[in-house]
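# An overview of the molecular structure
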Amino acid sequence: TKNVFIMENCEDLIPEYFNFISGLVDCDSLSLNISREILQQNSELQAISKNLETKIISELEKVLKNDREKYIEFWKEFGRCIKGGVQDMFGMNKEKLQDLLIFVSSHDDKYTTLKEYVDRMGESKEILYVPAESIDAVKALPKMEKLKEQGREVLILTDKIDEFTLMAMRDYSGKEFKSINSSDFKLSDDKEKEEEVKKIADENKTLIEKAKEFLKDKVNEVELSNNIGNSASALLAKGGLSLEMEKTLSEMTNNNDAPKAEKILAINPEHVLFDKLKAAEGTDNFNKLVDILYNQ
């Protein structure tokens, strides 16, 4: 019964998100009457599979802990498989895989684990992130300047599937994930400033309605906001689907049937362009200025 070759490729031996791993399983505890036909349903095989998965995760965690550079090399090559595993079945494998995830952080522009992020975040309730083409593109965001001043850390998601991974997880260690490009993200909890912006919005209700009418085919709402940093305006998303996710889904489906994000044009009432917009209300320049605020 020793050294009997049973099968060359057993797909159910390890989960699909570890499909980059190859090896030989040598086991002397299988039943004597084992065969290819019953192998898939065999409870002994299921136990082997579970043990293999646990061992792989354990070994990867060791590399992450003891040789960060080596793990980063591995991550760049195979990280997408693990992120795909987190996304699979709406985050069913979250608990097993979440501590293998690493993302670049604004803390030091280096990779961080989610545990390391949470250990640094103090009293904050949300894990902040921003989808971006590159780290340099993130640094240019006015909002990031404010966050840096506040000492708040942001995960920089440069892979198109990163945000889908975080959405499948929903939270880590009880801390929810929040995009800084979401309409309900707040740079500060300054209630006085919020009331001031609300008052300005009420005073300029007609102006906001006119801007919304002009952009009706492009955005769902136009609002005044004190949560976009020093920029004149920003395009935000409301709800679960972000602008970046909309773009990725559109590229994947290659058609116009992909889900659309609910877009909001947020305008900074303290910026000089808002003053110009107020002065232009009722003139031909009004729509031109609204267009500038949208396109920039």
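A few points on the structure. (Residues numbered from 1 in each chain as written. Predicted model: local features only at pLDDT ≥ 70, side-chain atom pairs only at ≥ 80, totals over all residues. Heavy atoms only, no water.)

## A look at the packing of aromatic side chains
Scanning all chains against the criterion turns up seven aromatic pairs. For the ring pair Phe18 and Phe20, a centre distance of 6.1 Å and an interplane angle of 85° mean the geometry is edge-to-face. Between the aromatic rings of Tyr71 and Trp75, the centroid separation amounts to 6.2 Å while the plane-to-plane angle is 20°, which identifies the pairing as stacked. On the criterion of helical spacing, the pair formed by Tyr71 and Trp75 is a turn pair, its members being four residues apart in helix α3 (residues 68–87). Members of the aromatic cluster, connected to one another through ring pairs, are Tyr17, Phe18, Phe20, Tyr71, Phe74, Trp75 and Phe78. (Phe/Tyr/Trp six-rings, centres within 6.5 Å; stacked < 30°, edge-to-face > 60°. Helix = DSSP H or I, 4+ residues; strand = E, 2+ residues; numbered from the N terminus.)

## Some remarks on a negative patch on the surface
On the surface, Glu11, Asp12, Glu16 and Asp88 cluster together into a patch of negative charge. Inspection of the secondary structure puts Asp12 in the segment before α1 (36–39). (Patch = residues over 30% accessible without salt bridge, like charges linked within 9 Å, V, L, I, M, F, W, Y side chains within 5 Å. Areas by Shrake-Rupley, 256 points an atom, 1.4 Å probe, with all protein chains shown as cover. Salt bridge = Lys/Arg side-chain N within 4 Å of Asp/Glu carboxyl O. Lys, Arg positive; Asp, Glu negative; His and termini not counted. Charge placed at Lys NZ, Arg CZ, Asp CG, Glu CD.)

## As for the side chain of Lys94
The residue Lys94 is located in helix α4 (residues 94–97) in this model. Of the polar contacts made by the side chain of Lys94, one reaches the backbone oxygen of Asp171; its length is 2.9 Å. If we skip the residues at most four places from it in the chain, Lys94 touches Met169 and Asp171. (Polar contact = N/O pair within 3.5 Å; in protein donor to acceptor, adjacent residues only side chain to side chain. Contact = heavy atoms within 4.5 Å.)

## A few points about the sheet that holds strand β8 (residues 233–238)
Strand order in the open sheet made by the three strands is β7-β9-β8, with mixed pairing throughout. On the outer flanks of this sheet lie β7 (221–224) and β8, each paired with one strand and no other. Put simply, the sheet's adjacent strands are angled 30° from each other on average, direction ignored. By the bridge criterion, four bridges tie β7 to strand β9 (residues 262–267) in an arrangement that is parallel. Along β9, the bridge assignment pairs Val222 with Leu265. (Pairing = 2+ DSSP bridges. Axes fitted to C-alpha atoms, helices over the stretch in contact; angles between N-to-C directions.)

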